[in-house]
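Descriptive analysis of the structure
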Amino acid sequence: MLTDDAPGAFAERTPQPFSPPHPEPLERMLPWQVLARAMRNPIEAWPRALFEGTSWRPPFPGAPIFLTDPAGVRAAMVDHAEDFPHGALWRRVMHPAWGEGLVTSEGPEWRWQRRAAAPPFRAAQMAALAPRMRAAAEAALARWRTALQPIDIAVETGRIAFDVILDTVLSGGEDFERAQTEARVRAFLGQLEYRRLSYLFLPDRAHRGKHNKPAPEAALLRADVDRMIARRRSAPPRGDLVDLLLGTTDPETGRPMDDALLRDNLLGFILAGHETSAVTLGWALWLTAMHAPTGTRIRAEVEAVTAGAPVDAGHIDALVFTRQVIQETLRLYPPGYQLTRVCMHDTVIDGRAIRAGTRILVPVYALHRHRAHWHAPDAFDPDRFAPGEPQPDRHLYLPFGAGPRICLGAAFAMTELVVILATLARSARFTPLSTPWPVASTSIRPGGGLPMRVSFTAA
Ligand code: HEM
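Residues numbered from 1 in each chain as written. Predicted model: local features only at pLDDT ≥ 70, side-chain atom pairs only at ≥ 80, totals over all residues. Heavy atoms only, no water.

1. What about the overall build of the protein chain?
Under the convention used in this document: The numbering of helices and of strands both runs from the N terminus, where a helix is a DSSP run of H or I of at least 4 residues and a strand a run of E of at least 2. With the radius of gyration taken over C-alpha atoms, the globule rule is written as 2.2 Å times the number of residues to the power 0.38. Burial classification: accessible surface area is computed with a 1.4 Å probe over protein chains only, and a residue below 20% of its type maximum counts as buried, one above 50% as exposed, and the rest as partly exposed. Working rule for contacts: check all heavy atoms of both residues, and any pair within 4.5 Å makes them a contact. Per-residue accessibility takes into account occlusion by the displayed protein chains alone, with areas from the Shrake-Rupley method and a 1.4 Å probe. Charge counting follows a simple rule: Lys and Arg are positive, Asp and Glu are negative, and His as well as the terminal groups are ignored. Here the site of a charge means atom NZ of a Lys, CZ of an Arg, CG of an Asp or CD of a Glu.
For the protein chain, the helix and strand inventory stands at 16 helices and 11 strands. Taken over C-alpha atoms, the radius of gyration comes to 22 Å for the protein chain, in line with the 23 Å a tight globule of 459 residues would show. Counting only C-alpha atoms and orienting by the principal axes, one finds that the protein chain spans roughly 60 × 60 × 40 Å. In the protein chain, buried positions account for 54% of the 459 residues. Within the protein chain, contacts between residues at least 6 apart in sequence are counted, and of these 74% link residues at least 24 apart. For the protein chain, the exposed area adds up to about 18800 Å²; of that, 58% sits on carbon and sulfur atoms. Considering the protein chain, the positive charge centre built from 52 side chains and the negative charge centre built from 49 side chains are found 5 Å apart.

Listed below in structure tokens is the structure:
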């Protein structure tokens, strides 16, 4: 894992490693050129200092501080998390989409919601959801058998992730017309285009006006979810997240979530969990298709573990290599490529004085490729995460964030991604027809999509 690995070790572990496409850290450029790149694709504007140093501050007044060493990240996100909230600007940017749910809340309001929402997301609950996740993969396989080739796998992983959302967060579609809801969810998510985290260091007025009003589709989606919650209050349980959340209360105070808060949080889970899972699955399929030994190992593992049975939650712990592929995909293309906080009080972090009001950015994408901490940082090597290897510091590898605001849906996402990758890889072969360029937007998307030919192994 670390730079002092024996030089030959990598080649022995993973035959024919390859480095998927990535922008090289920026050397020297004029400020206006950097700005143009930052607006188009922030990771193309990140300088070498972010990938080599311990912190970096762009040379303009009021600039944020980028923390790029694990100690600094831990101090801001874990040890002093109370002093480094998301801040007022985050709330203003996110509120039109997220409402009053836990992502826009801070302090005691956030704490009780988090306590109440946590039990349904525990790993133990995933056994009930795994078959719904596998069904989304099986539906995709059925579609592809008769689809015109080539297929844009980026579009398809969006559909798979949407099916999972529909079946786990939106009552299985009983209350929703699929195509209409997908269009509304797309418009709802599209609002975030204007709210890209990279804009957070612009003045507040950049976030007012027409770009910060909820899309009309968001109101329709809200009304749909309200109707669904009202019906589900008196319907028999169907074992999805809605059931689990309807019955949930704050374990300390017994306070239940009222229907409006439940709706804001369900919509928030769509926002947090749809694109993140879709792009990760897309990149994982592309990386696996580009590196034949990885595909072969996944298929052998799935057959050995499941003995031909459908992939289920009970198999997940034994699908060790498949999980490593997801972990390595999340290292190379973390959807949450940059996290943001605000320093509330003058403070010193790891020897650096930080003034109250300073914006803090944690460039996860750069930490995941930091030259001082990773061996062959740009290469695809799932064996980094093999059980016998030294595991990376959790403040250096943080696809799901760190500290109290760590992703609520991490177990959900890992179950979903492992079950679906295993189910797809055992039946289908993918031949990529292009080399996608990573474009940082609301996640790191494969620019140009993922056109591929899909063929099938004998049943
Ligand atoms: C590959 C998939 C996913 C990735 C990479 C991911 C990543 C993240 C990250 C980095 C954060 C922390 C943000 C911060 O500190 O500012 C976060 C928070 C969150 N995520 Fe995820 N996420 C994923 C899937 C999901 C899913 C499937 C759900 C729900 C169904 C979900 C729900 C949430 C929620 C509710 C929060 C806010 C937690 C809080 O503020 O207390 N995520 N996610």
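2. A word on helix 16 (residues 410-427)
To be explicit about the condition: A helix is expected to span 1.5 Å multiplied by its residue count minus one.
The terminal C-alpha atoms of helix 16, which comprises 18 residues, lie 26 Å apart, in line with the 26 Å expected from a rise of 1.5 Å per residue. With respect to burial, helix 16 is a largely interior element, 17 of its 18 residues being buried.

3. Some remarks on the site of the ligand
Using the following cut-off: Consider each residue's heavy atoms; a residue with any of them within 4 Å of a molecule or strand counts as near. The nonpolar class holds Ala, Val, Leu, Ile, Met, Phe, Trp, Tyr, Cys and Pro. Asp, Glu, Lys and Arg form the charged class, and all remaining residues, Gly among them, are polar.
With respect to spatial proximity, 25 residues lie near the ligand, and among them His 86, Trp 110, Arg 114, Arg 341 and Cys 407 are the closest. Among the secondary structure elements, those contributing two or more residues to the shell around the ligand are helix 6 (107-117), helix 12 (259-290), strand 4 (339-342) and helix 16. For the shell around the ligand, the leading source of residues is helix 12, giving 6 residues. Taken together, the residues of the shell around the ligand break down into 15 nonpolar, 7 polar and 3 charged.

4. What to know about helix 9 (residues 178-190)
Using the following cut-off: Along the arc lie the directions from the helix axis toward the C-beta atoms.
With 13 residues, helix 9 extends 18 Å from end C-alpha to end C-alpha; this agrees with the ideal 18 Å at 1.5 Å per step. Thr 181, Glu 182, Arg 184, Val 185, Phe 188 and Leu 189 are the residues of helix 9 that are buried. Down the axis of helix 9, the sector holding all buried residues measures 165°, keeping them to one side. Of the exposed residues in helix 9, the ones pointing more than 90 degrees away from its buried face are Ala 179 and Arg 186. The elements touched by buried residues of helix 9 are helix 5 (88-98), helix 8 (153-168), helix 10 (216-234) and helix 12.

5. Observations regarding the coordination of the iron atom of the ligand
This is how it is decided: Coordination shells were defined by N, O and S atoms within 2.8 Å of each metal, extended to 3.2 Å for Na, K and Ca; water is absent from the atom set, which can make sites look incomplete.
Within the protein, just one atom coordinates the iron atom of the ligand: Cys 407 (SG), at a distance of 2.3 Å. Mapped onto the fold, Cys 407 is located in the loop between helix 15 (364-367) and helix 16.

6. Thoughts on the pattern of salt bridges
We apply this condition: When a carboxyl oxygen of Asp or Glu lies within 4 Å of a side-chain nitrogen of Lys or Arg, that pair is called a salt bridge.
Inspection of the entire model under this criterion finds 36 salt bridges. Arg 352 is paired through a salt bridge with Asp 69; the nearest N and O atoms lie 3.5 Å apart. Taken together, the residues Arg 352 in strand 6 (residues 352-354) and Asp 69 in the loop between strand 2 (65-67) and helix 4 (70-79) connect sequence positions 283 residues apart. Asp 69 shares its class with Arg 352; the two are buried. In this structure, Asp 226 engages Arg 263 in a salt bridge whose closest nitrogen and oxygen atoms are separated by 2.9 Å. A residue pair is termed long-range when its members are at least 10 positions apart, and Asp 226 in helix 10 and Arg 263 in helix 12 qualify at 37 residues. With relative accessibility at 15%, the residue Arg 263 sits in the buried group. Counted as one network, the salt bridges with shared partners bring together Arg 132, Asp 167, Arg 232, Arg 238, Asp 240 and Asp 243.

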